[in-house]
Amino acid sequence: MRGIELKNLTKHYKDTKALEDVSLTIEYGKIYGLLGRNGAGKSTMVNLISNRIFPTSGEIFVDGEMSIENDEALRKIFTMSEHNLLPVDKKFKEAVKIVKMFYPDFDEDYAFALAEKFELDVKKKLMSLSTGYSSIAKLIMALASGADYIFFDEPVLGLDANHRELFYKELIDRYANTGSTYIISTHLIDECANLIEKAIIIDKGRLVTAEDTDKIMENSYTVTGPAELVDKYTADKTVVGSDTVGGIKSAYVKGKAQNVPQGLEISKASLQSLFIQMTND
């Protein structure tokens, strides 16, 4: 079976439980959203999967093989992180050669074609690039890597609206052409919600859910109206959270809307709204 499997994955730092007993499977050939608040454990999970740090307990398998200190398994994973791990004293075109040494399937032609689309100066040293273009250089390396499992940690940091749209378009095109797995960790959930096939939500180091986005959306709705009427309607339902402004209340409910009384409005909840409610204290 192809995919990345986490079994009871735990990471502690002294008194801090960064990740606690997480078990899930990241299937091959899908686009995932890895969602969580700051400090929820997203980066810890990605760093464990990419072997940058080691678990306190638990196991990680890539295509059925244990990944810890397994170069063959780790070569299938490429991680674009918020921190720049590329050789910043090199020019982009030199960095491409270095990355290709570690990823034999790296597509140089595609990388330079992307650089042209993003108007990235390939003759500049990476350290002299702006925040936005530093992100673009990292995005290009990830998209061109040829890896089977590609992680993007806050991929659009510093990008303007045009470049963000171009990135999402290129990711979809690349996904269609390669069939690889793409995992996007981002706070801009609404912006890329239509790309995400499966959502992994983490809070306080624990797994909240790992489901098809369509299933999450289909089995949730928002009911809005006078607070007293909303409370009465939702009394016997699973409410994941609510907002109240004045006397008007919006409740986020799991399940299907049925027998809605007059005076209440039912609407589809956005993935970002559900995420906020699922991870609120």
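Residues numbered from 1 in each chain as written. Predicted model: local features only at pLDDT ≥ 70, side-chain atom pairs only at ≥ 80, totals over all residues. Heavy atoms only, no water.

(A) Layout of the sheet that holds strand 9 (residues 198-203). Reading across from one edge, 6-7-8-3-9-10 is the order of the six strands in this open sheet, with mixed pairing throughout. Edge positions in the sheet fall to strand 6 (77-80) and strand 10 (206-212), since each has one partner strand and no second. When the angles between neighbouring strand axes are averaged without regard to direction, this sheet yields 15°. Pairing between strand 6 and strand 7 (residues 149-153): four bridges, direction parallel. Residue pairing across strands places M80 opposite F152, the latter belonging to strand 7. Here helix 5 (residues 131-144) sits on the sheet in contact with strand 6, strand 7 and strand 8 (181-185), set at roughly 170° to strand 6. (Pairing = 2+ DSSP bridges. Helix = DSSP H or I, 4+ residues; strand = E, 2+ residues; numbered from the N terminus. Axes fitted to C-alpha atoms, helices over the stretch in contact; angles between N-to-C directions. Contact = heavy atoms within 4.5 Å.)

(B) Focus on the layout of surface pockets. Reported here for the largest pocket is a volume of approximately 630 Å³. Along its surface, the largest pocket is lined by 21 residues, and R52, I77, F78, F102 and Y103 are the ones closest to its centre. For the lining of the largest pocket, the secondary structure elements donating two or more residues are helix 2 (71-74), strand 6, helix 3 (92-102) and helix 5. Tallying contributions element by element places strand 6 first for the lining of the largest pocket, with four residues. When its residues are assigned to classes, the lining of the largest pocket shows twelve nonpolar, five polar and four charged. Computed from the structure, the second largest pocket encloses a volume of approximately 190 Å³. Forming the boundary of the second largest pocket are 16 residues, of which N38, G39, A40, K42 and S43 lie nearest the centre. (1 Å grid on protein atoms, 1.4 Å probe; cavity = no way out; pocket = protein on both sides within 12 Å on 5 of 7 lines; lining within 4 Å. Points joined across faces, edges and corners; volume = space filled by probe spheres on them. Nonpolar A, V, L, I, M, F, W, Y, C, P; charged D, E, K, R; others polar.)

(C) Quick peek at the side chain of N51. One can find N51 in the loop between helix 1 (42-49) and strand 4 (57-62). What makes N51 buried here is its relative accessible area of 14%. A distance of 2.9 Å separates a polar side-chain atom of N51 from the backbone nitrogen of E69. Setting aside its immediate chain neighbours within four residues, N51 contacts S67, I68, E69 and L74. (Buried < 20%, exposed > 50% of the residue type's maximum accessible area, 1.4 Å probe, protein only. Polar contact = N/O pair within 3.5 Å; in protein donor to acceptor, adjacent residues only side chain to side chain.)

(D) Region of the structure containing the environment of S23. Within the secondary structure layout, S23 lies in strand 2 (residues 16-27). Overall, S23 belongs to the partly exposed group, its relative accessible area being 38%. With 104 residues separating them in the primary sequence, S23 and M127 have C-alpha atoms 38 Å apart. Setting aside anything within four residues of it in sequence, one finds S23 in contact with L6, K7, N8 and L207. A polar atom in the side chain of S23 sits 2.7 Å from the backbone nitrogen of N8.

(E) Summary view of the pairing of strand 13 (residues 248-254). Here strand 13 lies mainly inside the structure; five of its seven residues are buried. Where strand 11 (residues 220-226) meets strand 13, seven bridges bridge the pair, whose relative direction is antiparallel. For G225, the partnering residue across the bridge sits in strand 13 and is K249. Bridging between strand 12 (residues 238-245) and strand 13 involves seven bridges; their strand directions are antiparallel. In the strand pairing of strand 13, G241 is matched with Y252.

(F) Inspection of unusual backbone geometry at higher detail. One non-glycine residue with positive phi stands out, namely N8, at about 50°. Backbone geometry places E69, a non-glycine residue, at a positive phi of 55°. Note on placement: E69 falls in the loop between strand 5 (65-66) and helix 2. The exposed category is assigned to E69, whose relative accessible area is 66%.

(G) Inspection of the packing of aromatic side chains at higher detail. Counting across every chain of the model gives seven aromatic pairs. A ring pair is formed by F152 and Y182, whose centres lie 6.2 Å apart and whose planes are at 15°; its orientation type is stacked. With F152 in strand 7 and Y182 in strand 8, this residue pair connects regions lying 30 residues apart in the sequence. An aromatic cluster is present here, built from F152, F167, Y168, Y175 and Y182 joined pairwise through their rings. Note that R174 overlies the ring of Y110, its terminal NZ or CZ placed 4.0 Å from the centroid. Above the ring of Y233, the side-chain terminus of K237 is found at 4.2 Å from the ring centroid. (Phe/Tyr/Trp six-rings, centres within 6.5 Å; stacked < 30°, edge-to-face > 60°. Lys NZ or Arg CZ within 6 Å of the ring centre and 35° of its normal.)

(H) Focus on the pattern of salt bridges. Tallied over the full model, the rule gives 14 salt bridges. Between K249 and D231 there is a salt bridge, and its shortest N-O distance comes to 2.6 Å. Separated by 18 residues along the polypeptide, K249 in strand 13 and D231 in helix 9 (residues 227-234) bring together distant segments of the chain. With relative accessibility at 37%, the residue D231 sits in the partly exposed group. (Salt bridge = Lys/Arg side-chain N within 4 Å of Asp/Glu carboxyl O.)

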